Amino acid sequence: MRPALALSDIPPIPAPQQDPTTPQTPAEDEKVDELPDPGLTGIPDPDPLIKKPETQQPPDNADADEPPPEVIHDITRAPEPVRRLREQMIEAAASGDIERLRTLMNPGPNQTQILMETSEDADPVAALKQLSGDDEGAEILAILIDILSTGFVRVDVGTPNETYVWPYFAEKPLAMLTPPEKVELLRIVTAGDFAEMEELGNYNFFRLGITPDGKWKFFTAGD
């Protein structure tokens, strides 16, 4: 492959010969030599390997500018199985008895995921208690109620992974939150937690997912 042609390699085009008897006008004497346009003179592009802007491919992260999912506050817009499970979760959490959540979790390989490291044979209620600041799990029950009291989003719509996610902060960039939405977030986390999240750019507190058919899919935390 030959090296790309540099501008210094382009030979100058000789100026047309003029009749010595023809006087030159001042404008012609003062005219500055210009680099010929390769497209007009037939001279090759100085660097044919450089793509023109109109031929460049879009970057791989072009989807990064896609808008976040719609934030929904009207629970009636969720399917009936989702609404029913949400109500059951709130009732169980409000009772103060964390064991009442056990019957709402999925057994077997589809067991509700409690944090990322929970194994299939782990006790999900015991895992919830470990997340709580008290031995009985009262704190995690309060967090569960607070999260389910916010708006939600619908993600992976039309796929086997479609999920209704609480709170919506988990899927909406913090920089896009409105003042009322920031107040709603501060009902769940402290101002210090919020400041740390802003530095990271993402909500990293607890989130909860319910499938369209009313299965408790996960209760996790992190980015």
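Because the structure is predicted, anything quoted here is derived from the model rather than measured. (Residues numbered from 1 in each chain as written. Predicted model: local features only at pLDDT ≥ 70, side-chain atom pairs only at ≥ 80, totals over all residues. Heavy atoms only, no water.)

Asks: Provide a residue-level description of the pairing of strand β4 (residues 206–210), including the pertinent values.
Replies: Burial runs high along β4: 5 of the 5 residues are buried. Burial of β4 is two-sided: the residues Phe206, Leu208 and Ile210 facing one way and the residues Arg207 and Gly209 facing the other way are all buried. Where strand β3 (residues 163–166) lies against β4, 3 bridges are found, and the strand directions are antiparallel. If you follow Trp166 over to β4, its bridge partner there is Leu208. As defined by bridge partners, β4 adjoins strand β5 (residues 216–221) across 5 bridges and the pair is classed as antiparallel. Paired with Arg207 across the two strands is Thr220, which belongs to β5. (Buried < 20%, exposed > 50% of the residue type's maximum accessible area, 1.4 Å probe, protein only. Helix = DSSP H or I, 4+ residues; strand = E, 2+ residues; numbered from the N terminus. Pairing = 2+ DSSP bridges.)

Asks: Can you tell me about the pattern of salt bridges, naming the residues and giving the values?
Replies: In total, this model carries 6 salt bridges according to the counting rule given. Between Glu80 and Arg84 there is a salt bridge, with the nearest N and O atoms lying 2.5 Å from each other. Within this pair, Glu80 and its partner Arg84 are both found in helix α3 (residues 80–94), separated by 4 residues, close to a single helical turn. Judged by relative accessible area, Arg84 falls into the partly exposed class, the value being 38%. (Salt bridge = Lys/Arg side-chain N within 4 Å of Asp/Glu carboxyl O.)

Asks: Report on the sheet that holds strand β1 (residues 113–114), specifying residues and quantitative values.
Replies: Pairing in this open sheet of 5 strands is mixed, and the strands run β1-β5-β4-β3-β2 from one edge to the other. Two strands in the sheet have a free side with no partner beyond their single neighbour: β1 and β2 (153–155). Contacts from α3 reach β3, β4 and β5, with the element oriented near 135° to β4. Against the sheet, helix α5 (residues 138–148) engages β3, β4 and β5, with an angle of about 65° to β4. (Contact = heavy atoms within 4.5 Å. Axes fitted to C-alpha atoms, helices over the stretch in contact; angles between N-to-C directions.)

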